[in-house]
Amino acid sequence: MMIKVVLACDNKSYVNKLSECFQRYYFDTVDLACFTDKDALKEYMQREICDIYLYGKGYEGLEGSAVAIKLVEETPEREHQIFMYQNMDSVVRKLAVVKAELQETFKARMEDNGETKVVTFLSASGGVGKTASAVDFAKKKAAEGKKVLFLSVERVPSYERYFETKVSVPLSDIMFYLKTGKGNVPAKIESSFTQDESGVYYWRTPDNLMDLLEMKADEWKDLLQQVTATKFMDMVVVDTDIAFNADVIYILERSDRLICISDNSEQDIERIKYLKQGFLAIEHKRNITLTDRLEIINNCYTREGCR
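Residues numbered from 1 in each chain as written. Predicted model: local features only at pLDDT ≥ 70, side-chain atom pairs only at ≥ 80, totals over all residues. Heavy atoms only, no water.

Quick look at the nonpolar core now. If you look at the biggest cluster of nonpolar residues, it comprises 25 residues, and the most contacted ones within it are Phe 193, Trp 203 and Leu 223. Elements with a contribution of two residues or more to this core: β7 (148-152), α5 (171-180), α8 (217-229), β10 (235-239) and α9 (246-254). Apart from the residues within four sequence positions on either side, Leu 223 is in contact with Leu 151, Leu 171, Ile 174, Met 175, Leu 178 and Trp 203. Listed in part, the 23 residues of the second largest apolar core include Leu 7, Val 30, Val 67 and Ile 82. (Core = buried A, V, L, I, M, F, W, Y, C linked by side-chain atoms within 4.5 Å. Buried < 20%, exposed > 50% of the residue type's maximum accessible area, 1.4 Å probe, protein only. Helix = DSSP H or I, 4+ residues; strand = E, 2+ residues; numbered from the N terminus. Contact = heavy atoms within 4.5 Å.)

Written out as structure tokens, the structure reads:
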């Protein structure tokens, strides 16, 4: 179990001692980044996703998405504190316990508890195979016996070419049900699901592209809420643009997993850094967590084929 730790402390000798100890004895357990400069630390925390932020006095409030553990010079009085001068085995055990707690929290969210799971696919760049990956994922889950709805919230979707079955119900009809609110809306939505030969459910794109362009954040939110309210689907696989507007932010919040597809190019790696910064800004502004759900998957297939 590799623990990604950021250490920030003004005591350079202590930082050097701890770093040397980790590198010599715990290199296969702890991935450690050390800082004594606050500006460098702040830039790093905006760019990287870490498990634990281990900090000394004066470095409060810079933890980003990591779990903050304070280094103290006296007996710890709170849960997330570590006595600086204990042996390194004890320090590492404490970090391992915190890491295990993080993993259990994520596992509990992903375990089947009868609720519809939402898995959202996104990318920092175009043309990296996001939609194809999302469709493949949906088909794989359907092949495992899951009831899966593929839902594209892209303003210019391109997913229908991946499905064989001709669907009679367009997404615009579903939105009409939601806007009018007449009758049993969840029942109408459930009756509109059409299954592809692969086993995946989906709706046809609206005949008029303006129907998608004019959809508001509350409408996308209502749609996702009503789909999960039917309790018909085990999973909704969402294919989204990564514009940090209100509808996308809601979907990010509602998602159990966030899968970012990358082609691992230098340009895309830089774009993903900005994407992470956007996530951290949303977390800070809305007091939520997103980065612990984010997974980055490198896709070796490009328009020219596999590299």
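What follows picks up the thread again.
With that settled, the discussion passes to empty space enclosed by the protein. Scanning the entire structure with this criterion turns up one cavity of 30 Å³ or more. Taken as a whole, the largest cavity encloses approximately 70 Å³ of empty space. As for the largest cavity, its lining consists of Phe 150, Leu 151, Ser 152, Pro 157, Tyr 159, Leu 171, Trp 203, Arg 204, Thr 205, Pro 206 and Leu 212. Element by element, the count of residues in the lining of the largest cavity is highest for β7, at three residues. (1 Å grid on protein atoms, 1.4 Å probe; cavity = no way out; pocket = protein on both sides within 12 Å on 5 of 7 lines; lining within 4 Å. Points joined across faces, edges and corners; volume = space filled by probe spheres on them.)

Moving on, we get to the packing of aromatic side chains. What the rule picks out here adds up to 15 aromatic pairs. For the pair Tyr 14 and Tyr 85, a centre-to-centre distance of 6.1 Å together with 80 degrees between the ring planes defines the contact as edge-to-face. Remark: Tyr 85 occurs in the loop between β5 (81-83) and α3 (88-110) and Tyr 14 occurs in helix α1 (residues 12-25); sequence separation between them is 71 residues. Measuring from centroid to centroid gives 5.5 Å for Phe 193 and Phe 232, while their planes differ by 20 degrees, and the two rings are stacked. Here Phe 193 is found in the loop between α6 (185-192) and β8 (194-195), whereas its partner Phe 232 is found in the loop between α8 and β10, with 39 residues between them in sequence. Comparing Phe 193 with Phe 232, the two get one shared label, buried. Here the aromatic residues Phe 150, Tyr 159, Phe 163 and Tyr 202 are joined through ring pairs into a cluster of three or more. (Phe/Tyr/Trp six-rings, centres within 6.5 Å; stacked < 30°, edge-to-face > 60°.)

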